[in-house]
Amino acid sequence: MTQHPSIVVVGSVNLDLVATVSRLPIAGETVSGAKLARYPGGKGANQALAARRLGADVYLCACTGDDAAADEALALLRADGVDLSRCIVDHDSATGVALIAVAASGENQIVVAPGANRKFSPERLGLPVADALICQLEVPVETIAAAASQFSGFFCLNLAPAAEVPAEILRRADLIVMNESEAAYVGDAINGCENMIAITYGAKGAVLKLKGETIAKAAPPPAKAIDTTGAGDTFTAALTVGLLEGMSPGAALEFACAAGALATTRPGAQPALPWRRELV
Ligand code: RIB
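Residues numbered from 1 in each chain as written. Predicted model: local features only at pLDDT ≥ 70, side-chain atom pairs only at ≥ 80, totals over all residues. Heavy atoms only, no water.

Re unusual backbone geometry
Convention followed: Put simply, DSSP marks the helices as runs of H or I at least four residues long and the strands as runs of E at least two long, and each gets a number from the N terminus on. Each residue is assigned to one of three classes by its accessible area relative to the maximum for its type, calculated with a 1.4 Å probe on protein chains only: buried under 20%, partly exposed between the two thresholds, exposed over 50%.
The residue after Ala160, namely Pro161, is reached through a cis peptide bond having omega -10°. The residue Pro161 is located in the loop between strand S10 (154-158) and helix H4 (167-172) in this model. Notably, Lys211 is not glycine yet its phi reads approximately 50°, a positive angle. For Lys211, the position within the fold is in the loop between strand S13 (206-210) and strand S14 (213-218). Classification of Lys211 by relative accessible area gives exposed; the value is 54%.

Quick notes on the layout of surface pockets
Test applied: Note on definitions: the grid is 1 Å and covers protein atoms alone; a cavity is a set of points where a 1.4 Å probe fits but cannot get out; a pocket is an open set with protein on both sides within 12 Å along at least five of seven lines; lining residues have an atom within 4 Å of a point. Grid points are joined across faces, edges and corners, and a volume is the space filled by probe spheres set on the points. In this classification, Asp, Glu, Lys and Arg are treated as charged, Ala, Val, Leu, Ile, Met, Phe, Trp, Tyr, Cys and Pro as nonpolar, and every other residue, Gly included, as polar.
In this model, the largest pocket occupies a volume close to 1200 Å³. Every residue lining the largest pocket is counted, 45 residues in all, and those nearest its centre are Asn179, Thr228, Gly230, Ala231 and Gly232. Listed by contribution, the elements that provide at least two residues to the lining of the largest pocket are strand S2 (14-21), helix H1 (43-53), strand S7 (96-103), strand S8 (108-113), strand S11 (175-179), helix H5 (180-186), helix H6 (231-244) and helix H7 (249-263). No other element matches the 5 residues that H6 contributes to the lining of the largest pocket. By residue class, the composition of the lining of the largest pocket is 21 nonpolar, 17 polar and 7 charged. Volume-wise, the second largest pocket comes out at about 210 Å³. As for the second largest pocket, its lining consists of 13 residues, of which Pro114, Arg118, Leu137, Glu138 and Pro161 are closest to the centre. Here the residues of the lining of the second largest pocket are counted per class, giving 8 nonpolar, 3 polar and 2 charged.

Side note on H1
Most of H1 is tucked away, with 10 of its 11 residues classed as buried. Listed as buried for H1 are Lys43, Gly44, Ala45, Asn46, Gln47, Ala48, Leu49, Ala50, Ala51 and Arg53.

Remarks on the nonpolar core
Filter applied, for reference: Residues enter a nonpolar core if they are buried and are Ala, Val, Leu, Ile, Met, Phe, Trp, Tyr or Cys, with the set joined through side-chain atoms within 4.5 Å.
Judged by nonpolar contacts, the single largest core of 46 residues is most densely connected at Ile7, Leu60, Leu77, Leu175, Phe235 and Leu239. Ranked by the residues each element gives to this core, the list is headed by H6, at 7 residues. Counting 34 residues, the second-largest nonpolar core is a separate cluster that includes Leu125, Leu133, Ala146 and Val186.

Description of the site of the ligand
The condition that has to hold: Residues are classed as near a molecule or strand on a simple rule: at least one heavy atom within 4 Å of it. Polar contact is defined as a pair of N or O atoms within 3.5 Å, subject to the rule that within protein one atom must be able to donate a hydrogen and the other to accept it, and that residues adjacent in sequence are counted only when both atoms are side-chain atoms. Areas reported here follow the Shrake-Rupley algorithm with a probe of radius 1.4 Å; residue values treat only the protein chains shown as occluding. Assignment to a cavity or pocket requires that more than half of a molecule's atoms be within 2 Å of the site's grid points.
In the neighbourhood of the ligand, the contacting residues comprise Asn14, Asp16, Gly41, Gly42, Lys43, Asn46, Ala98, Glu138, Thr229, Gly230, Asp233 and Ala269. Note that an oxygen atom of the ligand is positioned 3.0 Å from one of the side-chain N or O atoms of Asn14. Residue Asp16 places a side-chain N or O atom 2.6 Å away from an oxygen atom belonging to the ligand. Considering the ligand on its own, with 280 Å² of exposed area, one finds that the protein chains cover 96% of that surface. At a threshold of 2 Å from the grid points, most atoms of the ligand map onto the largest pocket. Of all elements in the fold, only S2 and H1 reach the threshold of two or more residues within the shell around the ligand. Taken together, the residues of the shell around the ligand break down into 2 nonpolar, 6 polar and 4 charged.

Description of the environment of Gln136
Basically, it comes down to this: The contact rule is simple, with two residues in contact once any of their heavy atoms fall within 4.5 Å.
In this fold, Gln136 is placed in the loop between strand S9 (132-135) and helix H3 (141-150). Gln136 gets classed as buried once you look at its relative accessible area, which sits at 0%. Taking the C-alpha atoms as reference, Gln136 lies 9.3 Å from Val177; in sequence the two are 41 residues apart. Once residues lying within four places of it in the same chain are set aside, the contact partners of Gln136 are Val9, Val10, Gly11, Ser12, Lys43, Gly44, Gln47, Ile144, Asn158 and Ala160. A distance of 3.4 Å separates the side chain of Gln136 from the backbone nitrogen of Gly44, its partner in a polar contact. Polar side-chain contacts of Gln136 include one of 3.1 Å to the side chain of Gln47.

A look at the sheet that holds strand S3 (residues 35-41)
The test is simple: The criterion for strand pairing is that DSSP finds at least two bridges linking the strands in question. Axes here mean lines fitted to C-alpha atoms, for a helix over just the part in contact, with angles spanning 0 to 180 degrees between N-to-C directions.
A sheet is described by the order of its strands in space; here 4 strands give the open sequence S3-S2-S7-S8, paired in mixed fashion. The open sheet terminates on both sides in strands that have one partner only, identified here as S3 and S8. Strand-to-strand twist of the sheet, defined as the mean angle between neighbouring strand axes without regard to direction, takes the value 20°. Pairing of S2 with S7, which is carried by 8 bridges, proceeds in the parallel orientation. Following the sheet pairing, Val18 is matched in S7 by Ile100.

Structural notes on the pairing of strand S1 (residues 6-10)
Counted residue by residue, S1 has 5 buried out of 5 residues, so it is predominantly covered. On S1, burial covers both faces: Ser6, Val8 and Val10 on one face and Ile7 and Val9 on the other are all buried. Pairing between S1 and S9: 4 bridges, direction parallel. The residue bridging Val10 from the neighbouring strand is Cys135, located in S9.

Remember that the coordinates give geometry; whether it matters functionally is a separate question.
Structure below.
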């Protein structure tokens, strides 16, 4: 049990360009009348900030371009005290950008131009010692593999966005987090995994499994969702923080569902991430 766990996040940094619109377009359609906003984002950066706001000491290992978008994308991490000393700059790339459409229902569509995130190669990784490592799949899988093999503590892998992952990384993870569609993509590849697996079902809640058996189920409190961007990142960070703090699997899952639900009630990814004081 650790009161202020230390967490290293290896992952992406993006600047999110968000168009809030009445409804999402279908392929080939133009929907006008949107309101445009810019927010710091990227799954790695979001999970780092979420863990920090929930009380952890957090390092972010990431790669940005040498541009104004990097300053904008890192601003809230800096303001909230995430350690960015392991973040590197690729001088030949632009900082990652995500184009996000958010509908009145809160649902979104995201297209990512990864830019410098793609240049975050294993040899550029400088891992600090920490209680836990959290990774997602918006940086090269070789870098995730290197982080997973170099790190000796608790390893949480968020399988987002859905992508092929070598079996040894899946086996190394102590906790795998994914949503319904990511779980469908992974399919049988996680059969036989001995680790904890959390699957989220949006407003319906989440389940936690160990060795294939369901050990906990939780539903989020009622929330008026206006933007679901970053909810999965919040859930991933909160579940990791809860387990590191020594919460029971059921309590940690409830904590993560409540944190994820709160994140949907405010616009943007990082501005919406909840603080610990809002959850107790
Ligand atoms: O998980 C949400 C994030 O996905 C956004 O912030 C966007 O940058 C994309 O990476």
